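Close look at the chain arrangement
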Amino acid sequence: MVALEKISLQGFKSFKRQVSIPFPPGFSLITGPNGCGKSNICDAITFVIGKASSRVLRAKKAQDLIFHGGKNKPGSDFARVCLYFDNSNNELPFKEKTVTISRRLNKKGVSTYRLNGKIVTRQQILDALVQVGIHPNGHNIIHQGDVNQIIEMDPVERREIIDEISGILEYNEKKEKAMQDLKKIEERVREAELILQEKQTIVEKLKQERDTALRYKQLSSDLEKIRKSILWKEYHKSEKNIEEINKKLEEKTKEMQEVEAKIKEYDKKIAEEEKRLEDLTSKILKTSAQVKVAEKIASLKSELEIKKEKIEYNRREIDRLNLMIEKLGSLDAKASPAVKAVLGMDGVEGMVGDLITVPAEYRIAVEIAASGHLTDIVVDKASNAIKCIKYLKQNKIGRVRFLPLDKIKPPPKKPLPSGAIGWLSELIHHEPKYTPAIDYIFSTTAAVKDIDRAKAIFEKQRARLVTLEGDLIDPSGVITGGFYKKPASYNVKKYIEEKKRIEKETEKLEEEIAAITKELEIFSSKEKPTKTINIERERAKSDESLKRMKEERKEFYERLLVLQQETGKLSIQKARFEARFDDLRIQWERSKEGKETNPEELKPFIDFETPTLKNKERETILEIESLGPVNMKAIEDFEEIKTEFENFREKVDKIVEEKNSIEDTIRDIEEKRIEVFMHTLNEISKHFREVYKGLTGGEARLSLEVPNDLESGLVIQVQPEGKKLLHIDSMSGGEKTLTAFAFLFAIQRYKPSPFYLLDEADAALDKVNTKRVAELIKRHSKFAQFIVISHNDALIREADRVYGISMEDGESKIIAIELPKNQENN
Ligand code: ATP
Ligand code: MG
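Below: a short report on this structure. In this text, all values refer to a predicted model and were calculated from it rather than measured experimentally.

Attention now goes to the coordination of the magnesium ion (ligand 2). When a metal carries six donors in an octahedron, the ideal angles between them are 90 or 180 degrees, while four donors in a tetrahedron ideally lie at 109.5 degrees. Within the protein, Ser-39 (OG) and Gln-144 (OE1) serve as the donor atoms for the magnesium ion (ligand 2), at 2.1 to 2.2 Å. On the criterion of sequence distance, the pair formed by Ser-39 in helix H1 (residues 38-49) and Gln-144 in the loop between strand S8 (141-142) and helix H4 (149-152) is long-range, its members being 105 residues apart. Looking at Ser-39, the relative accessible area reads 9%, which means it is buried. Among the residues examined, Gln-144 registers a relative accessible area of 41% and is labelled partly exposed.

Right, dumping it as structure tokens:
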């Protein structure tokens, strides 16, 4: 082990001339009278390698350390102390076997440090020495009066001694750095989590909006399917209804034909019988003078009866026609309640269908080409359309398409495809002011004679083409066509014309009846014919049979009337179904929007009955309304924001991971720190107990104020033999010194210093205890070098070497009392 071989002083405090004091291994003792300069030797060592404080060196300023002269002696110009260390084991990182470390201080207060003769800094010296366990705060140098310091110091300061010995300062530094890193990263985590929270709120809100949008999408699609299903069912039901009615009509027509045939038969028979009756009558009349008159009367009567019958028939027919006209007339009004509601409002010009006049040959083409636009409403300006829309909304009446004349922009004019009759807009008559609306609907559809021609034209030029029979080719190539049933309105006209004709005929018949009645009156006033009995009898029989036949004919006739009425009713029903069918067909075509709809696509709704579907339709609309405003963009936005959020969360997770890793590191450091500290404390405590026991026979131990709390203080507990556990304050000076020695040696055993310097540390001890301490030092001097300053005989006796110091003329002198063989003295 490195040892302090020698010390040489010059101009330092009371040492004027250069003196060297060799310290061979073992126990060296320095003694001498008060004030001779013993402690100055201790100061000299501290001057080079110890604490730089003036308190320790007992000087106000650095210059006070230079010999200031005696009565007849001048002072020195500088102070120089050189320490010689034995480095035969090369424990110090230098090749020299003796390493010299010196400090020179001049009068200006400037210090020069040298290591092996080379100028170095104080720090370089401290760095070299720390490797062999010598450092300025070491407890190997106990200055005069400082021995009890270790006992009296603050427990936390005392614990710091263990900190230093255990080497946990290194861990403290690491921990401190890690704590700083932790603080920084915690700040980052906090900031990131705040942002994360904000982002989460946004994501959650957007998610709600997205869910609503998805629900809206689903509901809208359901609603479309429900409506198409309803339409599909109604459309097919309507088709079936027409078939049934046709069947019934066919039956009735057949029966009517049979009845009519019967009536014809009766008419023939009646005519024959009348002829016979006429013959018989004429036979009878020929016998009388007034044959001619009687003949005339009979003929007039017969004519009268026929005409009356015809009138009755006409009246019933008029009644029937009136009924038909009334029913069909009501069907003609295709306008929806919403359309009816806006007609007559400000700026409303009317329904497109009402504003145009179409030549008969183009009617079908126009109806088909209009595809529902005939019920569009033409308004003067958009603002009035908006008023109407608000009115419809407020009153929940329905929807209407408006064509505002000030805003509507007809598509640009194109040349007419060759072979076409003309653009529909040019074939329709209307007031010029409606041109924008009419052009909007009809200017892009050309009328064509028939489907073959339409096809040929379409091959050459793609355009919207409609045939006079109602087939439609779309520019996309979609063709719609088949048999087109004229709407009911045309039948009404037919019925009205028929009714007018019958009324006119009836009027004429009534006039004729009046004339015949008058003529009959004139003839009746004339004389009656005389009768021939046999002929009379035959005539009566014929008359009878005629009457019966007429009776029977009447029955058939009445049946015919009933049948006519029933047929009429069925026709009305049929017309109604047909109108509905047309309406549904147009709606169905429109709902398909050019593409074919497969009923499979309408599942599961297509499987429900219509009333259930209507309920579902209502419920779906209610739910859509209950969704409120829907942000459809949320579907896309949500995905985007969510990905962004997830990315950010990953980043935050990484920071948190980093934080956790720092915390782990801190924990590891702390564990290691505790382990190292506790190991050191336990070892030193063990030694402390042993040394104290050896010194005093009592018990002692070291412990932390708070168990396992490395920040708490280190408590010393002692119980001198036969005494109670003592508190520091209640210890005697000697007891304190003994305890301090036990502590010092406990440290020495755990982590020995190369040398120990004790300046009158035994001052407070009695003889017995001084002896014990002397023995203790003697024992330990086998393992470390001890330099002890003392006046005590017990110690002087135990020492390997003794130096006596004296003072002469203000200058300290050294006398070796027991000199080693190769001793060097100045
Ligand atoms: P004690 O037994 O009382 O502790 P000691 O031997 O330890 O005494 P020191 O404290 O070493 O005595 O020496 C003190 C003496 O050193 C004083 O008498 C003082 O005059 C002298 N001294 C201190 N500084 C200087 C100096 N700069 N120049 C000359 N003499 C000095
Ligand atoms: Mg002294």
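Using the criterion set out here, one finds 57 salt bridges in the structure. Measuring nitrogen to oxygen at the nearest pair gives 3.9 Å for the salt bridge that ties Lys-603 to Glu-600. In this structure, Glu-675 and Lys-672 form a salt bridge, with 3.9 Å as the shortest nitrogen-oxygen distance. Of this pair, Glu-675 and Lys-672 are both found in helix H18 (residues 633-696), three residues apart, which corresponds to roughly one turn of the helix. Exposure remark for Lys-672: the relative accessible area of 37% places this residue in the partly exposed category. Each of Lys-175, Glu-670, Arg-673 and Glu-711 takes part in a single network of salt bridges with overlapping partners.

The next point concerns the sheet that holds strand S12 (residues 422-423). Strands sit in the order S12-S13-S14-S15-S16 across an open sheet of five strands; the sheet is mixed. One side of each edge strand has no neighbouring strand; the edge strands of this open sheet are S12 and strand S16 (479-480). One ladder, built from four bridges, connects strand S13 (residues 445-448) with strand S14 (residues 464-467); its direction is parallel. Among the inter-strand pairings, Ala-446 is bridged to a residue of S14, identified as Leu-465. Of the strands in this sheet, S13, S14 and strand S15 (472-473) touch helix H10 (residues 363-370), which is tilted by about 140° from S14.

Looking now at the pairing of strand S22 (residues 811-816). With six bridges joining them, strand S21 (residues 801-808) and S22 adopt antiparallel strand pairing. Bridged to Tyr-803 within S22 is Ala-816. Where S21 folds back on S22, the antiparallel hairpin that results is connected by two residues, among which Asp-809 adopts a positive phi of roughly 60°.

The next point concerns the site of ligand 1. Taken together, 18 residues lie near ligand 1, and Asn-34, Gly-35, Gly-37, Lys-38 and Ser-39 sit nearest. At 2.6 Å, a backbone N or O of Gly-35 approaches an oxygen atom of ligand 1. At 3.0 Å from an oxygen atom of ligand 1 is found a side-chain nitrogen or oxygen belonging to Ser-39. Starting from 650 Å² of accessible surface for ligand 1 in isolation, the protein chains cover 77%. Among the residues making up the shell around ligand 1, the classes are represented as four nonpolar, nine polar and five charged.

Counting 71 residues, the largest nonpolar core has Phe-688, Phe-743, Leu-758, Ile-777 and Phe-786 as the members making the most contacts within it. Per element, the largest residue contribution to this core is 18 residues, and it comes from H18. By size, the runner-up hydrophobic cluster in this structure holds 47 residues, among which are Ala-44, Leu-757, Ile-789 and Tyr-803.

So, about the sheet that holds strand S19 (residues 755-759). Reading across the sheet, the six strands line up as S8-S19-S20-S3-S21-S22 and stay open at both edges, with mixed pairing between neighbours. Lying at the two open borders of the sheet, with one neighbouring strand each, are S8 and S22. Each of strand S3 (27-31), S8, S19, strand S20 (785-789) and S21 touches H1; the most contacted strand, S19, lies at about 140° to it.

Attention shifts here to the side chain of Asp-439. Note that Asp-439 resides in helix H13 (residues 435-442). Not counting the four nearest positions on each side in its chain, Asp-439 is found in contact with Pro-410, Pro-411, Lys-413 and Ser-425.

Take the packing of helix H5 (residues 155-166) against helix H19 (residues 733-750) next. At a minimum axis separation of 12 Å, H5 and H19 run at an interaxial angle of 15°. Taken together, the axis directions place H5 and H19 in an arrangement best described as roughly parallel. Crossing of H5 over H19 shows right-handed handedness. For the pair H5 and H19, contact is made by Arg-158, Ile-161 and Ile-165 and by Phe-743, Ile-747 and Tyr-750, respectively.

Per the counting criterion, the structure on display carries zero disulfides. Cys-42 provides the cysteine sulfur closest to Cys-36, a residue in no disulfide bond, and the two sulfurs are 13 Å apart. Owing to a relative accessible area of 1%, Cys-36 belongs among the buried residues under this scheme.

Here we take up the packing of H18 against helix H20 (residues 767-780). With their axes 9 Å apart at the nearest point, H18 and H20 run at an angle of 135° to one another. Classified by the interaxial angle, the pair formed by H18 and H20 is oblique. Mapping the contact onto sequence places Val-691, Leu-695 and Thr-696 in H18 and Asn-769, Arg-772, Val-773 and Leu-776 in H20. In terms of residue class, the contact of H18 with H20 is built from four nonpolar, two polar and one charged.

For the rest of this paragraph, the subject is the packing of aromatic side chains. By the definition in use, this model includes ten aromatic pairs. Plain terms: the ring middles of Tyr-266 and Phe-556 are 5.7 Å apart, the flat faces sit at 40° to each other, and that makes the pair tilted. Linking Tyr-266 in helix H6 (residues 169-287) with Phe-556 in helix H16 (residues 533-592), this pair joins segments that are 290 residues apart in sequence. The exposure class of Tyr-266 is buried, given its relative accessible area of 10%. Look at Phe-556 and you get partly exposed, because its relative accessible area is 25%. Relative to Phe-786, the ring of Tyr-756 lies with its centre 5.0 Å away and its plane at 15°, an arrangement referred to as stacked. Of this pair, Tyr-756 sits in strand S19 while Phe-786 sits in strand S20; the two residues are 30 residues apart in sequence, bridging distant segments of the chain.

All right, on to helix H3 (residues 122-130) then. What H3 keeps buried is the set Ile-125, Leu-126, Ala-128 and Leu-129. For H3, the buried positions fall inside an angular range of 160° around the axis, keeping them on one side. The inward-facing, buried residues of H3 contact H1, strand S4 (78-86), strand S5 (98-106), strand S6 (111-115) and strand S7 (118-120).

Now for a negative patch on the surface. Where like charges cluster on the molecular surface, the negative patch consists of Asp-154, Glu-157, Glu-160 and Glu-705. Locating Glu-157 in the fold gives a position in helix H5. The class of Glu-157 is partly exposed, set by a relative accessible area of 41%.

Calculation notes
Residues numbered from 1 in each chain as written. Chains lettered and ligands numbered in written order. Predicted model: local features only at pLDDT ≥ 70, side-chain atom pairs only at ≥ 80, totals over all residues. Heavy atoms only, no water. Donors = N, O, S within 2.8 Å, 3.2 Å for Na, K, Ca; no water. Helix = DSSP H or I, 4+ residues; strand = E, 2+ residues; numbered from the N terminus. Buried < 20%, exposed > 50% of the residue type's maximum accessible area, 1.4 Å probe, protein only. Salt bridge = Lys/Arg side-chain N within 4 Å of Asp/Glu carboxyl O. Pairing = 2+ DSSP bridges. Contact = heavy atoms within 4.5 Å. Axes fitted to C-alpha atoms, helices over the stretch in contact; angles between N-to-C directions. Near = heavy atom within 4 Å. Polar contact = N/O pair within 3.5 Å; in protein donor to acceptor, adjacent residues only side chain to side chain. Areas by Shrake-Rupley, 256 points an atom, 1.4 Å probe, with all protein chains shown as cover. Nonpolar A, V, L, I, M, F, W, Y, C, P; charged D, E, K, R; others polar. Core = buried A, V, L, I, M, F, W, Y, C linked by side-chain atoms within 4.5 Å. Parallel < 35°, antiparallel > 145°, perpendicular 65-115°, else oblique. Left-handed = near helix turned anticlockwise from the far one by under 90°. Disulfide = S-S within 2.5 Å. Phe/Tyr/Trp six-rings, centres within 6.5 Å; stacked < 30°, edge-to-face > 60°. Arc of directions from axis to C-beta. Patch = residues over 30% accessible without salt bridge, like charges linked within 9 Å, V, L, I, M, F, W, Y side chains within 5 Å. Lys, Arg positive; Asp, Glu negative; His and termini not counted. Charge placed at Lys NZ, Arg CZ, Asp CG, Glu CD.

Any functional reading would require information beyond the geometric quantities listed.
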